[in-house]
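Single-letter residue listing:
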Amino acid sequence: MEEKITMILDGKGNIEMETFGFTGRVCDKVADEILVSMGGKLLKENKKSEYFDEGSDPVSVILEK
């Protein structure tokens, strides 16, 4: 399955992020990297059943400074 992330930004600066196609804790690593790069903080988290499956190595997000 293809790995994708959907982000919804509202007019108040809130962001809703949902991951698709990730298994295990990889989705946490990817979402955390994106969240940190945007200067955000986690307010609420809902884990899908795929989170509890065995996953591969996390993806690394490289940012230019």
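Data block above holds the structure.
Computed from a prediction, not measured in an experiment: that's the story for all the values here.

This next bit is on the layout of surface pockets. Taken as a whole, the largest pocket holds about 960 Å³ of empty space. Only strand 2 (15-20) and helix 1 (26-37) provide two or more residues apiece to the lining of the largest pocket. When its residues are assigned to classes, the lining of the largest pocket shows 12 nonpolar, 6 polar and 10 charged.

What follows concerns the packing of aromatic side chains. Aromatic ring pairs: the centre-centre distance and the angle between the two ring planes describe each pair. Scanning all chains against the criterion turns up 0 aromatic pairs. The ring of F20 carries K48 above its face, with NZ or CZ at 4.1 Å from the centroid.

Across its 12 residues, helix 1 extends 17 Å between first and last C-alpha, which sits within 8% of the 16 Å expected from 1.5 Å per residue. Among all positions of helix 1, only V26, C27, D28, V30, A31 and I34 are buried. Those residues of helix 1 that are buried are in contact with strand 1 (4-9) and strand 2. One or two positions beyond helix 1, positive phi appears at G39, with a value near 75°.

Another point: a nonpolar patch on the surface. Residues M7, L9, I15 and M38 make up a contiguous nonpolar surface patch of roughly 360 Å² in combined accessible area. Its place among the elements puts I15 in strand 2. Judged by its relative accessible area of 39%, I15 falls in the partly exposed class.

Cut-offs applied
Sequence order as written defines the numbering, with residues in each chain counted from 1. Predicted model: local features are reported for residues with pLDDT of at least 70 only, side-chain atom pairs are reported and counted for 80 or more only, and whole-chain, interface and lining totals are derived from all residues. Just so you know, side-chain values use all the structure's heavy atoms and leave hydrogens and water out. Only protein atoms enter the 1 Å grid, on which a cavity is a set of points fitting a 1.4 Å probe that cannot get out and a pocket is an open set with protein on both sides within 12 Å along at least 5 of 7 lines, lining residues being those with an atom within 4 Å of a point. Grid points are joined across faces, edges and corners, and a volume is the space filled by probe spheres set on the points. Only DSSP runs of H or I reaching four residues or more are called helices, and only runs of E reaching two or more are called strands; each is numbered from the N terminus. Each residue receives one of three labels: charged for Asp, Glu, Lys and Arg, nonpolar for Ala, Val, Leu, Ile, Met, Phe, Trp, Tyr, Cys and Pro, and polar for the others, Gly being one of them. We call Phe, Tyr and Trp rings a pair once their centres come within 6.5 Å, taking the six-membered ring for Trp, and we label the pair stacked below 30 degrees between planes, edge-to-face above 60, and tilted otherwise. We call a charge positioned over a ring when the NZ of a Lys or the CZ of an Arg lies within 6 Å of the ring centre and within 35 degrees of the ring normal. For a helix, the expected span equals 1.5 Å multiplied by the residue count minus one. Think of it in three bands: with a 1.4 Å probe and only protein chains considered, a residue is buried below 20% of the maximum accessible area for its type, exposed above 50%, and partly exposed in between. Here, residues are in contact when the closest pair of their heavy atoms is within 4.5 Å. Patch building starts from residues that exceed 30% relative accessible area and form no salt bridge, then joins like charges within 9 Å and nonpolar side chains (Val, Leu, Ile, Met, Phe, Trp, Tyr) within 5 Å. The Shrake-Rupley method, run with a 1.4 Å probe sphere, supplies the accessible areas, and residue values consider only the shown protein chains as cover. Salt bridges are counted wherever a side-chain nitrogen of Lys or Arg sits within 4 Å of a carboxyl oxygen of Asp or Glu.

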